Amino acid sequence: MSVKMGANVCPITEERSGTVREVGGQAVWSLSSWFGVDQLRDNSMETYWQSDGQLPHLVNIQFHRKTTVSQIYIYSDYKLDESYTPSRISIRCGMHFNDLQEVEVVDLCEPSGWVCIPIKEYEEMLMCTFMIQIAVISNHQNGRDTHMRQIRIHSPTEGSQYPLEHHGKFSTLEFAQFRTIR
């Protein structure tokens, strides 16, 4: 599986282009540890979810309705997290916990920045699913616990595209609260 990694890959830029939208906010998130969803979704690269204990460490994302997913972005930083950094991740999709199927396995080599994992069902068909599970199978340096800093889920936009860049940069908190229609 080839993934895009590094500073050139930025999910926010893609969202602003109008070709995709972030749909993680429409889902219910649960983790293999007691807390950490807020840290995965707070848009800060300084915070992280830490899961302790035996592998695999799981992030479960359940949508209220069947959702088309095109990419999953994960922010990892090997320089800060070292042995806590995931080295192998499994992406599983399905209708619920009991029918999850592995759709991607990604090997990461000392990632620093956003990692883009394209999600395809078969022959370039986009995945439509009720549930995504991200499983950390192994960490660098045979680490047991894991850190994940951010996760973003993208769905392609349908119909007309309205790139925000045509109207200037909307990067303040005041503008961010109005960036999506609910």
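If you're wondering where the values come from, they're calculated on a predicted model, not measured in any experiment.

Engineer: How should the nonpolar core be read in this particular structure?
Structural biologist: For soluble globular proteins, nonpolar side chains are generally found buried alongside one another. In terms of nonpolar packing, the biggest core is built from 27 residues, with V59, I72, I132, I134, M148, I151 and I153 touching the most fellow members. Elements supplying a minimum of two residues to this core: β3 (27-31), β5 (57-69), β6 (71-77), β7 (86-94), β9 (112-118), β10 (127-139) and β12 (150-156). Once residues lying within four places of it in the same chain are set aside, the contact partners of I132 are V59, N60, I61, F63, V69, I72, I91, R92, C93 and I153. Ranked by size, the runner-up nonpolar core spans five residues in total, among them V9, Y75, W114 and C116.

Engineer: Just checking my understanding: could you explain the side chain of R152 for this structure?
Structural biologist: Inspection of the secondary structure puts R152 in strand β12. Within the local environment of R152, its side chain forms a polar contact with the side chain of N43, the two groups lying 2.7 Å apart. Setting aside residues no more than four positions away along its own chain, R152 makes contact with P11, I12, E15, E22, R41, N43, Q71, I72, Y73 and W114.

Engineer: Whenever I open this one, the pairing of strand β8 (residues 101-107) confuses me. Can you help?
Structural biologist: Two faces belong to every sheet, and in a regular strand the side chains alternate between them. Alignment of β7 against β8, held across six bridges, turns out to be antiparallel. The partner of C93 across the bridge, within β8, is Q101. In textbook terms, the turn of a hairpin is the stretch between consecutive antiparallel strands, and for β7 and β8 this stretch comprises six residues.

Engineer: Even after reading the chapter, I still don't get the environment of S33, so can you show me in this structure?
Structural biologist: Position of S33 among the secondary structure elements: in the loop between β3 and α2 (37-41). Given the relative accessible area of 18%, S33 is considered buried. Along the chain, S33 and L58 lie 25 residues apart, while their C-alpha atoms are 8.3 Å from each other. Apart from residues no more than four positions distant in its own chain, S33 is found in contact with W49, Q50 and S51.

Engineer: Explain the environment of S30 to me, please; I cannot follow it from the model alone.
Structural biologist: Considering the arrangement of structural elements, one finds S30 in strand β3. By relative accessible area, which is 27% here, S30 ends up partly exposed. Note: C-alpha distance between S30 and L58 (28 residues apart in sequence) is 8.3 Å.

What counts as what
- Residues numbered from 1 in each chain as written.
- Predicted model: local features only at pLDDT ≥ 70, side-chain atom pairs only at ≥ 80, totals over all residues.
- Heavy atoms only, no water.
- Core = buried A, V, L, I, M, F, W, Y, C linked by side-chain atoms within 4.5 Å.
- Buried < 20%, exposed > 50% of the residue type's maximum accessible area, 1.4 Å probe, protein only.
- Helix = DSSP H or I, 4+ residues; strand = E, 2+ residues; numbered from the N terminus.
- Contact = heavy atoms within 4.5 Å.
- Polar contact = N/O pair within 3.5 Å; in protein donor to acceptor, adjacent residues only side chain to side chain.
- Pairing = 2+ DSSP bridges.

No statement about biological role is implied by the geometric values presented.
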